[in-house]
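Topology and contacts: notes
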Protein chains: 2
Amino acid sequence: MKIAVDAMGGDYAPDVVVRGVIDAVREYKTEVILVGDETRIAPLLKKSCRGCDGISVQHSSEVIGMSESAASSVRRKRDSSIVVGVNLVKQGKADAFFSAGNTGAVVCAGTLGLGMLPGIERPGIGMVMPSLKDITLLIDVGANINPKPAQLLQYGIMADIYFRHILKRENPSIGLLNVGEEESKGTDFYKETRELFDKTSLNFIGNVEGKDIFSGKTDIIVCDGFVGNVVLKASESLAEMIQDLLKKHLLKNPLGFFGLLLLGSSLKSFKKKVDYSEYGGAPLLGVNGVVIIGHGRSNANAVKNAIRVARAEVENRFTDRILGAIGKS
Amino acid sequence: MKIAVDAMGGDYAPDVVVRGVIDAVREYKTEVILVGDETRIAPLLKKSCRGCDGISVQHSSEVIGMSESAASSVRRKRDSSIVVGVNLVKQGKADAFFSAGNTGAVVCAGTLGLGMLPGIERPGIGMVMPSLKDITLLIDVGANINPKPAQLLQYGIMADIYFRHILKRENPSIGLLNVGEEESKGTDFYKETRELFDKTSLNFIGNVEGKDIFSGKTDIIVCDGFVGNVVLKASESLAEMIQDLLKKHLLKNPLGFFGLLLLGSSLKSFKKKVDYSEYGGAPLLGVNGVVIIGHGRSNANAVKNAIRVARAEVENRFTDRILGAIGKS
């Protein structure tokens, strides 16, 4: 199996991407094609591993910046690492593509380059969040900010398959993100979406609220990409603020520093639980191929875990399973 | 000045409400009318204070439950503490009303009972959130889940006045919650709203993202009530999860307990910073009178602080200021 990885994507590229790839190749016995500026990638490979078996480089001369407009940059920069990486999948030279670069550009290049799976209307980004019980898969977190009810239903169907076959948990429950649990809650759009879910054989439990993303009430939460994007970014920022404030307040206390030392290992296991990098990247669901999107601040561990997720999607024939489910629905 | 307080509202009513009211009357020299079941309120007053000067009781025989449908319960339960409390303001017998009860019912009773301020189309709930720099006022967090652009503009105008005169900070900046900072981001609804803000003399800085609620990038963030409600509930839930997990992981460590003891005072000052109860209740902006909404889990401190906020709104002639600003806009 070969995974194409955008070596130029993310705030710490290409260094941390190359490090994550080296770790992944060692741990998962997967081949990786690093896509990007060969003159920058080659020295990093040379420095960090002897005979990096399984890693090859596909040179690309352009980079799409993190804040560039998605659609126009994908059209303009045909030799960017993102466009070249997607094309490797399209041409069958790679089985999957991972990028921690410009999310909008990955969505756009993935959709234009690979096309949608037959029957699927729009792509959606799924995001695994930690919850008090286990994990919650939130979909969509920003690919489709103005969806139709039928598109949210398709997100639910794809998330159900992702949860079973990639996250390996049985019979996942699905909730619809809303402002209250009662059937009457929400706009007409949400009422219509709820009715569509009610008619399926999915394990749909009805409306859930913002608090349920972290309470673990349900395994999958479906929402429109606008709300999903806002709530994801707010949550990340809040978790960081709490850690910052905690540290600041602890260090104000003369004994706080010793306290922090005492607590070192506990804090580490706590951080592992809330650390997004443990959960791998976010799958772009619905496109005709395996595409994983990483956080712009992905570290080497996040890159490694994203490659693990890409590998699992390919091994489990994830896109075939979606096709099967959509055909039946 | 007289503040009507819903003695039956909130998960720990009437006990904590009465305790918060006693503290507020002592600290702020405000008179309070406790609205609710006299047979339950009187013993609490008798037990906790001798000659509770400034506290009177207005009996009401009904209670609207936390999960009852807002509109129908307000129409049906004319002798509920929420409806009676709002009517005290309407009749000029109280200057403001506070309830930690059913939020939807308070919005509904406040809107029907007091009417809107002339020129204001819809009520909005403002919520003060802690940020890394200071505080952020998020509006609307759930009164209006399907607003028009002109209504979001009115929320911005009212929040600007609230920030200046109640929160006492000069020249507050205002951002529009969106999925990216660029002008082109968001749905047509958000683009139209942004254009309306651009034409005003408000200190409008453009689009902001979910992460900016806690980063302190701007003082006020305007959003539709659906997104605001989801992000508020998710944030509360995440903050609780982090505290729970932290405690759990600390106590797993044999030295963790001693660490917690060492850190006691630091954790207390940290909790004060992120504790919603310090920030008082959430103002219901736009209705023709002062109404403050409390969290269902309000403790005595939250009740006391909400009364402080209600008092500040009355003292600063908050509704008159809105009328002046709307007339000018």
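Residues numbered from 1 in each chain as written. Chains lettered and ligands numbered in written order. Predicted model: local features only at pLDDT ≥ 70, side-chain atom pairs only at ≥ 80, totals over all residues. Heavy atoms only, no water.

1. A look at the overall build of chain A
Tallying secondary structure elements over chain A gives twelve helices and eleven strands in all. Taken against the 2.2 N^0.38 rule, which gives 20 Å for 329 residues, the C-alpha radius of gyration of chain A at 20 Å falls within 12% of a compact globule. Over its C-alpha atoms, taken along the principal directions, chain A stretches across nearly 60 × 60 × 35 Å. Residue burial in chain A is summarised as follows: out of 329 residues, 59% are buried. (Helix = DSSP H or I, 4+ residues; strand = E, 2+ residues; numbered from the N terminus. Rg over C-alpha atoms; globule rule 2.2 N^0.38 Å. Buried < 20%, exposed > 50% of the residue type's maximum accessible area, 1.4 Å probe, protein only.)

2. A closer look at unusual backbone geometry
In the segment running from A:Ala13 into A:Pro14, the intervening peptide bond is cis, with an omega of -5°. Between B:Ile139 and the following residue, B:Asp140, the backbone shows a cis peptide bond with an omega angle of 15°. For B:Asp140, the location among the structural elements is in the loop between β6 (135-139) and α6 (149-165). For A:Lys168, which is not glycine, the phi torsion reads 60° and is therefore positive.

3. Quick look at the environment of B:Gly113
Residues and elements named next belong to chain B. Take Gly113: it is sitting in helix α5 (residues 103-114). For Gly113, a relative accessible area of 14% gives the class buried. In the structure, Gly113 is positioned 133 residues away from Leu246 in sequence and 45 Å away in space, judged by C-alpha atoms. The residues touching Gly113, leaving out its near neighbours within four places in the chain, are Val86 and Lys90. (Contact = heavy atoms within 4.5 Å.)

4. Concerning the sheet that holds strand β3 (residues 55-59) of chain B
Residues and elements named next belong to chain B. Spatially, β3-β2-β1-β4-β11-β10-β5-β6-β9-β7-β8 is the arrangement adopted by the eleven strands of the open sheet, whose pairing is mixed. Each having just a single partner strand, β3 and β8 (204-208) make up the two edges of the open sheet. Direction aside, neighbouring strands of the sheet carry axes that sit 25° apart on average. Across four bridges, strand β7 (residues 174-177) lies against β8 in parallel orientation. Paired with Ile174 across the two strands is Phe204, which belongs to β8. (Pairing = 2+ DSSP bridges. Axes fitted to C-alpha atoms, helices over the stretch in contact; angles between N-to-C directions.)

5. Comments concerning the environment of A:Asn229
Residue position: A:Asn229 is located in helix α9 (residues 225-252). Excluding residues that lie within four positions of it along the chain, A:Asn229 makes contacts with A:Val141, A:Gly142 and B:Val179. Here A:Val141 takes part through its backbone oxygen, which lies 3.4 Å from a polar atom of the side chain of A:Asn229. (Polar contact = N/O pair within 3.5 Å; in protein donor to acceptor, adjacent residues only side chain to side chain.)

6. So, the pairing of strand β6 (residues 135-139) of chain A
Residue and element names in this part refer to chain A. Counting buried positions over the five residues of β6 gives five, a clear majority of the element. Of the two faces of β6, both are covered, the one formed by Ile135, Leu137 and Ile139 as well as the one formed by Thr136 and Leu138. The sheet contact formed by strand β5 (residues 124-130) and β6 spans five bridges and is antiparallel. Directly across from Val128, in β6, lies its bridge partner Leu137. Pairing geometry for β6 and strand β9 (residues 220-222), over three bridges, is parallel. Each bridged residue has a counterpart across the sheet, and for Leu138 the counterpart in β9 is Ile221.

7. Topic: the domain arrangement of chain A
All names here are of chain A. Each assigned domain of chain A is listed here: domain 1 (1-120 + 286-317) and domain 2 (123-276). Measuring from the centre of the C-alpha atoms in domain 1 to the corresponding centre in domain 2 gives 25 Å. Listed as interface residues are 18 residues of domain 1 and, on the opposing side, twelve residues of domain 2. Between domain 1 and domain 2, roughly 1200 Å² of surface is buried when both sides are summed, and carbon and sulfur atoms account for 61% of that area. Taken together, the connections running from domain 1 to domain 2 amount to two salt bridges. The partner of Arg297 in a salt bridge is Glu236, and the shortest N-O contact between them spans 3.9 Å. Counting every contact that joins domain 1 to domain 2 gives five residue pairs in polar contact (both at pLDDT 80 or more). Of all the elements in the fold, those that place two or more residues in the side of domain 1 that touches domain 2 are α5 (103-114) and α11 (300-315). Of all the elements, α11 adds the most residues to the side of domain 1 that touches domain 2, at four residues. Looking at side-chain class alone, the side of domain 1 that touches domain 2 contains eight nonpolar, eight polar and two charged residues. (Domains from an automatic or database assignment. Buried area = accessible area lost by both parts, 1.4 Å probe. Salt bridge = Lys/Arg side-chain N within 4 Å of Asp/Glu carboxyl O. Nonpolar A, V, L, I, M, F, W, Y, C, P; charged D, E, K, R; others polar.)

8. With respect to helix α2 (residues 38-48) of chain A
Residue and element names in this part refer to chain A. For α2, the full list of buried residues reads Ile41, Leu44 and Leu45. Burial along α2 is one-sided: seen end-on, the buried residues are contained in an arc of 100°. What points out from α2, more than 90 degrees from its buried face, is the exposed set Thr39, Lys46 and Lys47. In the core, the buried residues of α2 are packed alongside α1 (15-28), β2 (31-36) and β3 (55-59). (Arc of directions from axis to C-beta.)

9. Considering the confidence of the model for chain A
Fine structural detail should not be taken from predicted coordinates in areas where pLDDT scores are low. The share of residues in chain A with pLDDT of 70 or more is 91%, and the mean pLDDT across the chain is 91. Both confidence scores are given for the complex: pTM 0.93, ipTM 0.91. (pLDDT = per-residue confidence, 0-100.)

10. So, the nonpolar core
Core analysis: the largest hydrophobic core is formed by 224 residues, its most contacted members being A:Val21, A:Leu34, B:Val21 and B:Leu34. Excluding its chain neighbours within four sequence positions, the residues that come into contact with B:Leu34 are B:Val5, B:Ala7, B:Val17, B:Val18, B:Val21, B:Ile41, B:Leu45, B:Ile55, B:Ser56, B:Val57 and B:Gln58. (Core = buried A, V, L, I, M, F, W, Y, C linked by side-chain atoms within 4.5 Å.)

11. Thoughts on the packing of aromatic side chains
The final tally for this structure, using the stated rule, is eight aromatic pairs over all chains. Measuring from ring centre to ring centre gives 4.9 Å for A:Phe189 and A:Tyr190, while their planes differ by 85°; the resulting arrangement is edge-to-face. With a centroid separation of 4.8 Å and an interplanar angle of 20°, the aromatic rings of B:Phe197 and B:Phe204 are classed as stacked. Taken as a pair, B:Phe197 and B:Phe204 share a single burial class, namely buried. Put simply, the rings of A:Phe189, A:Tyr190 and B:Phe226 pair up and form one aromatic cluster. (Phe/Tyr/Trp six-rings, centres within 6.5 Å; stacked < 30°, edge-to-face > 60°.)

12. Some words on the sheet that holds β6(A)
Whether parallel or antiparallel, the strands of a sheet pair through hydrogen bonds between backbone atoms. Residue and element names in this part refer to chain A. If you trace the eleven strands from one edge of the open sheet to the other, you get β3-β2-β1-β4-β11-β10-β5-β6-β9-β7-β8, paired in mixed fashion. In the strand order of this sheet, the two ends are held by β3 and β8 (204-208), each with one partner. Each neighbouring strand pair of the sheet contributes to a mean axis angle of 25°, computed without reference to strand direction. In this sheet, β9 lies alongside strand β7 (residues 174-177) in parallel orientation, the contact comprising three bridges. The residue of β9 that forms the bridge with Ile174 is Ile220. Of the strands in this sheet, β1 (2-6), β2 and β3 touch α1, which is tilted by about 170° from β2.

13. Brief notes about the side chain of B:Thr319
Here B:Thr319 lies in helix α13 (residues 318-328). Residues within four places of B:Thr319 in sequence aside, it is in contact with B:Leu117, B:Val287 and B:Gly289.

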